[in-house]
Amino acid sequence: MMHEGETGAAVAAADLMPKLAQFAAVARSEHMTNAAAALGVPQPTMSRSLARLEEELGIQLFVRRGRSVRLTPAGKIFAQYVERAVEEIEAGIAHTLEAVDPGRGKVSFGFPLTMGGDAVPRIVRDFHTRYPRVSIDLMQGSGEDLLDALRRNAIDLTLISPPPSSPEIETVTVQIQYLRLLVPRGHRLAQQRSVLLREVQGEAFIGFPDFYWISDIVRKLCTRADFSPNVVFTSRESETIRGLVSSGLGVAVMPPTAARWPNIVELELIDQDAFREIGLVWLRDRTLPPPVELFRDFIVSRRHQFSGAPTIDPKRIDRKR
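Residues numbered from 1 in each chain as written. Predicted model: local features only at pLDDT ≥ 70, side-chain atom pairs only at ≥ 80, totals over all residues. Heavy atoms only, no water.

**Focus: helix H6 (residues 143–151)**
An α-helix turns once per 3.6 residues; consequently, residues spaced three or four apart project the same way. Turning to H6, its buried residues are Gly 143, Leu 146, Leu 147, Ala 149 and Leu 150. All buried residues of H6 lie within an arc of 160 degrees about the axis, which places them on one face of the element. Where the residues of H6 are buried, they touch strand E3 (104–112), strand E4 (133–141), strand E5 (157–160), strand E6 (169–178), helix H7 (213–224) and strand E13 (275–283). (Buried < 20%, exposed > 50% of the residue type's maximum accessible area, 1.4 Å probe, protein only. Helix = DSSP H or I, 4+ residues; strand = E, 2+ residues; numbered from the N terminus. Arc of directions from axis to C-beta. Contact = heavy atoms within 4.5 Å.)

**A word on the side chain of Ser 49**
In this fold, Ser 49 is placed in helix H3 (residues 43–57). In this structure, Ser 49 is in contact with Lys 19 and Gln 22, ignoring residues within four places of it in sequence.

**Quick notes on the sheet that holds E3**
The sheet built from five strands is open, its strands ordered E4-E3-E5-E13-E6 with mixed pairing. The sheet is open, and its two borders are formed by E4 and E6, each paired with just one other strand. The sheet shows a mean angle of 20 degrees between the axes of neighbouring strands, taken without regard to direction. As paired elements, E5 and E13 share three bridges and run antiparallel to each other. Each residue of the ladder has a partner; that of Leu 159, found in E13, is Leu 280. (Pairing = 2+ DSSP bridges. Axes fitted to C-alpha atoms, helices over the stretch in contact; angles between N-to-C directions.)

**What to know about the packing of aromatic side chains**
Applying the stated criterion across every chain yields a total of eleven aromatic pairs. With a centroid separation of 5.7 Å and an interplanar angle of 55 degrees, the aromatic rings of Tyr 178 and Phe 275 are classed as tilted. In this pair, Tyr 178 is assigned in strand E6 and Phe 275 in strand E13, connecting sequence segments 97 residues apart. Overall, the relative accessible area of 14% leaves Tyr 178 in the buried class. Relative to Tyr 212, the ring of Phe 211 has its centre 5.1 Å away and its plane inclined at 50 degrees; by these criteria the two rings are tilted. Taking the relative accessible area as the measure of exposure, Phe 211 reaches 41% and is therefore partly exposed. By relative accessible area, Tyr 212 is classed as buried at 7%. Three or more aromatic residues link up through ring pairs in this structure, and these residues are Phe 109, Phe 111, Phe 127, Tyr 131, Phe 295 and Phe 298. Residue placement shows Arg 84 over the ring face of Tyr 81; its charged tip is 4.7 Å from the ring centre. (Phe/Tyr/Trp six-rings, centres within 6.5 Å; stacked < 30°, edge-to-face > 60°. Lys NZ or Arg CZ within 6 Å of the ring centre and 35° of its normal.)

Written as structure tokens, this is what we have:
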């Protein structure tokens, strides 16, 4: 049973609802004309509506300076609550529409920098062809950056290598990707099909910064081959690394790609464990919106497309070479 005071508050809130979106727009822009234009409301109508809002609340919310306005201290407090309310309503509308039609909405998707050249664009293109009303917000970064964004809910799901072993993370492996040794054309090994990493001991290496997980894989491979890599150039961009190899400045250990550089030869690395596992991960306790589920399932069903170049069958590797 609702008491008299509760009834009055409910009625007052219901009466104020149509004006709250207008208040939020003006609070954001601090300009009456701009806010009115954004909402498609005549500016005089907006001014009268907000004057009535102040009258009904019995509080001055704005200090007016022509068509510009400034929030009073009370207005700033009120704006925080109104902004949250408007955001909740907008989110509710979006989630309701997504539930009715999963083929619309938004997905925030992360992936490593090494997968931005061909694999991810192919998947995004094919998904967009089938579901053109789902927008995809893409983020690239290091493994630590991507995990941090996932935990902050800045992205919905991400590709990552290696997949983290954590109870909070759900993982599906989408590819085991065998690494390649990139050498400039004209290199003494360029005519070979496959190599052991020890064959470039002492040569200049080009790679990613130390905090990239692929750098850790390369260091471990070199340690097993009984040498430390002489890293002379580092870059966060895989295309830059390939450009430096193409210029003859060193060799690099990289994942395969469909792109071909005329001055680079990619050799199969037959060292044990010369591969990386790529996983699609998301937070286990988070309910994924329908379009995110749709995109996740699409990626899993197309996992073969993440192979930028043919992978090596480990059964035919001669490890005694």
